[in-house]
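Listed below, chain by chain, are the residues.
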Amino acid sequence: MNTPNESNQPSDTGSPADSAGTGRPSAAEALGGGAPGKSRAEGRELIKFQDVTKRFGENTVLDDLCFSVDTGKHVTLIGPSGSGKTTILRLLMTLIKPDEGTITVDGEYLTHEEKNGKLVPAGDAHNRAVRKKIGMVFQQFNLFPNMKVLRNVTEAPVHVLGMDKDEAAERARGLIELVGLTEHLDKYPTQLSGGQQQRVAIARALAMRPQVLLLDEVTSALDPELVAGVLDVLRDIAHSTDITMVCVTHEMSFARDISDRVLMFDQGKIIESGSPDKIFNDPDNDRTREFLSSVH
Amino acid sequence: MSWGLFENWILPGLWVTVQATVFSALLALVVSFVVGTLRTSRLWIVRFLSGAYFEIFRGASALVVIFWFAYAFPLLFGWQLVPLWAGVLALALTYGAYGSEIVRGSLAAVPEAQREAGIALSFTPMQRLRRIEIPQAWPEMVPPFNNLAIELLKGTSLISVIAVADLAFAGNVIRLSTNESAPVYTLLLVLYFLLAFSITRGMRVVERHAKRGVGKLPEKKSRSGQGDVAPAGGSTNGGGA
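Since this is a predicted model, take the numbers as computed values, not measurements. (Residues numbered from 1 in each chain as written. Chains lettered and ligands numbered in written order. Predicted model: local features only at pLDDT ≥ 70, side-chain atom pairs only at ≥ 80, totals over all residues. Heavy atoms only, no water.)

Q: I would appreciate a short explanation of the overall build of chain A in the present structure.
A: For chain A, the helix and strand inventory stands at 11 helices and 12 strands. Looking at chain A as a whole, 56% of its 296 residues are labelled buried. When contacts within chain A are restricted to residue pairs at least 6 apart in sequence, those whose partners lie at least 24 apart make up 68%. Of the roughly 11,800 Å² that chain A leaves accessible, carbon and sulfur atoms contribute 44%. (Helix = DSSP H or I, 4+ residues; strand = E, 2+ residues; numbered from the N terminus. Buried < 20%, exposed > 50% of the residue type's maximum accessible area, 1.4 Å probe, protein only. Contact = heavy atoms within 4.5 Å. Areas by Shrake-Rupley, 256 points an atom, 1.4 Å probe, with all protein chains shown as cover.)

Below is the structure:
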C-alpha cells in the first residue's frame, strides 16, 4: 500500500543494536588498502553477458540475455520468482554453465577460455582464477559449520590467496567488527542467529577482496526482525566502498537505496531497466507496475 | 586351566589380537578414506575402478582372502608375508571396502550448499574435500565406524587359521591340550566382549570430540530451549520487532 517513496521505514534502516555508538570501522577501512576497485575505472564494463541462454530441461530460464555492469556500479535484479535472477548469479559464480553465449568478467571469459583463437569450455583452474574476482553471499548463508567465526573468514584468504595467517586474521577481525560481531569471533555458526550468520557470510565474502559482490536474496531466509541489521551492513558497504554489486532482492526499499540501476526480469528476459527512481516511481512496462504493486 | 597356560597362551594371544585389530583398523581406515573419496570423483573411470574394488572386496569372503594372502600370494609373487601381516592386510582390504561405503555415504550427505560455498571462495576440489567436506562428514562416520571396528575385532579370530597365535588360536591350543572346552570358550567370549566394549567407549569419546568440532554440544541437553532464544533475542540483533 505504500508507494516506494514512502517505504523508507525506520524499522528498516535502524542500526543493529550492537553497532550503535561503538565506533566500528567504516567498510572502506575494514577492507584495507587493497580495497577492490581502487583504480575506479568508472564506465568500464566489468561484467558482460552476451547472448546468454540457459535451459533446465524444457524450461528456458534465460533467453538470449545481453547486459553489462560497469565497475563500481550497484545493479539490482528484480522480478517474479522463476524469472532467472538467481540463475544469473549462479552463472557468474560458475556453479552452472550457460548453454549458449558468453560471460566475461573484467575482460576474461567465464566458463570458457581461448585456446588457439577458439573458445572452448574452461577447465577448473581457469574458472577458479576468474572467480577470485567475485564474492557471493547466499540466501542460506552457507557458513562452514566445522569452523568458528574467525576461521570461516580467514580460511579462504589463507589457503586460496596464500595470505599470511596473522595478516588474514587481522583483516578478518576488522571485517567482523565491520559487521558488528566482534564478541562472537570464537563461536561456531550453529551458536549464532540467522542474521548474525549472514553478517559473517558477508565478512567472509569481503575477505577475498572481490571486485564484484553477488547478493542472492540475502535476507529471504531471515526472521523479519533480523533483516535490518544485515541490510544496514550492506548499505554501509555499498555507500562507502567502490565494490561492484549485483543484487537479487525482494527488499525494494533497500534496492532503491543502494542501486544505480534496476533490471526488471520476466521469463528470462529483461523487460525494463533504468534508475531506481524511474523503475519504482514511473515504470513504463505494465508487467513491472504489476510486479511492484504485488510486492508492496 | 592352569595359570601357566593362561600366562603362556591367553595373554600373548590377547596381545596379538589387539595388535591385529589396531593395525588392520588403521590400514582399513586409510583404505576407507582413499576408496570412499575416489568413489565421489567427477571422473567416471575413477568412480568405476574404486566402485569395482568395493564390490569385489565386499563380495569376497574374508577367510578366503586371508588364505589367499598366506598361501597364494607367495606362489604368485615369490614373496612370503609374515602370517600376522598377511592377516592384517587381508582384513584391512576387506573391512576397508565396507568402510569406503561409510565414507562415501557421509560425504554425499554433506549439503550441496557447502560445496557451492567452497566454489564461491575459489577452493580447489582437493581443498574443499579436506577443509570442508571431510571435517563435516566425520562426525557422521564415527558411529558406523564403531560398528565396523567391532566387526573387525571379531574378524581377527579368522587369522588363527593361518597359524597366527591370537586369542582364538590360544583358546584352541588350550582346549586341545586340556579338553576343558567350557571354561576356555567362556573366557574367550568374555575377553572378546571386553575388547569390543572398550572400543565402543573409546569411539564415544571420539564422537563427542567430532561433534564439538562442528559446533554441536551433545552433553548440554538443555540447549534446545535456550539456544534458539539467546542469539535471536539477545543484544546483537535487536532490529525492529
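Read on, since the account is not over.
Q: Would you mind going over the packing of helix α5 (residues 149-159) of chain A against helix α6 (residues 165-178) of chain A with me for this structure?
A: Think of two packed helices as two axes; the pair is described by the angle between the axes and how far apart they sit. Residues and elements named next belong to chain A. As a packed pair, α5 and α6 sit with axes 9 Å apart at the nearest point and diverge in direction by 130°. With respect to α6, the axis of α5 lies oblique. At the point where α5 passes α6, the crossing takes the right-handed sense. Between α5 and α6, the contacting residues are Val-149, Leu-150, Val-153, Thr-154, Pro-157 and Val-158 on the first element and Lys-165, Ala-168, Ala-169, Ala-172, Arg-173 and Ile-176 on the second. (Axes fitted to C-alpha atoms, helices over the stretch in contact; angles between N-to-C directions. Parallel < 35°, antiparallel > 145°, perpendicular 65-115°, else oblique. Left-handed = near helix turned anticlockwise from the far one by under 90°.)

Q: What is the right way to read the environment of A:Ile88 from this model?
A: All names here are of chain A. Mapped onto the secondary structure, Ile-88 falls in helix α3 (residues 85-92). Ile-88 gets classed as buried once you look at its relative accessible area, which sits at 0%. Separated by 10 residues in sequence, Ile-88 and Pro-98 have C-alpha atoms that sit 9.5 Å apart. Ignoring sequence-local partners within four residues, the contact set of Ile-88 consists of Phe-49, Leu-62, Leu-65, Phe-67, Leu-77 and Phe-265.

Q: Help me understand a nonpolar patch on the surface in this model?
A: Residues and elements named next belong to chain B. A cluster of nonpolar side chains, contributed by Val-22, Phe-23, Leu-26, Val-82 and Trp-85, occupies part of the molecular surface with about 460 Å² of accessible area. Looking at the secondary structure, you find Leu-26 in helix α1 (residues 3-38). Residue classification places Leu-26 among the exposed residues on the basis of a relative accessible area of 52%. (Patch = residues over 30% accessible without salt bridge, like charges linked within 9 Å, V, L, I, M, F, W, Y side chains within 5 Å. Salt bridge = Lys/Arg side-chain N within 4 Å of Asp/Glu carboxyl O.)

Q: Any chance you could explain the packing of aromatic side chains here in plain terms?
A: Scanning the entire structure with this criterion turns up 17 aromatic pairs over all chains. Seen from their ring centres, B:Phe23 and B:Trp85 are 5.2 Å apart, and the 25° between their planes marks the pair as stacked. With B:Phe23 in helix α1 and B:Trp85 in helix α4 (residues 83-108), this pair connects stretches of sequence that are 62 residues apart. With centroids separated by 6.4 Å and ring planes inclined at 40°, the aromatic side chains of B:Phe33 and B:Trp138 adopt a geometry described as tilted. Here B:Phe33 is found in helix α1, whereas its partner B:Trp138 is found in helix α6 (residues 125-155), with 105 residues between them in sequence. Here B:Trp138 falls in the partly exposed class, since its relative accessible area comes to 29%. Three or more aromatic residues joined by ring pairs make a cluster, and in this case those are B:Trp68, B:Phe69, B:Phe73, B:Phe77 and B:Trp79. The ring of A:Phe144 carries the charged tip of A:Arg204 above its face, separated from the ring centre by 4.5 Å. Here the basic side chain of B:Arg39 rests over the ring of B:Phe54, its NZ or CZ set 4.1 Å away from the ring centre. (Phe/Tyr/Trp six-rings, centres within 6.5 Å; stacked < 30°, edge-to-face > 60°. Lys NZ or Arg CZ within 6 Å of the ring centre and 35° of its normal.)

All quantities given are derived from atomic positions and should not be read as evidence of function.
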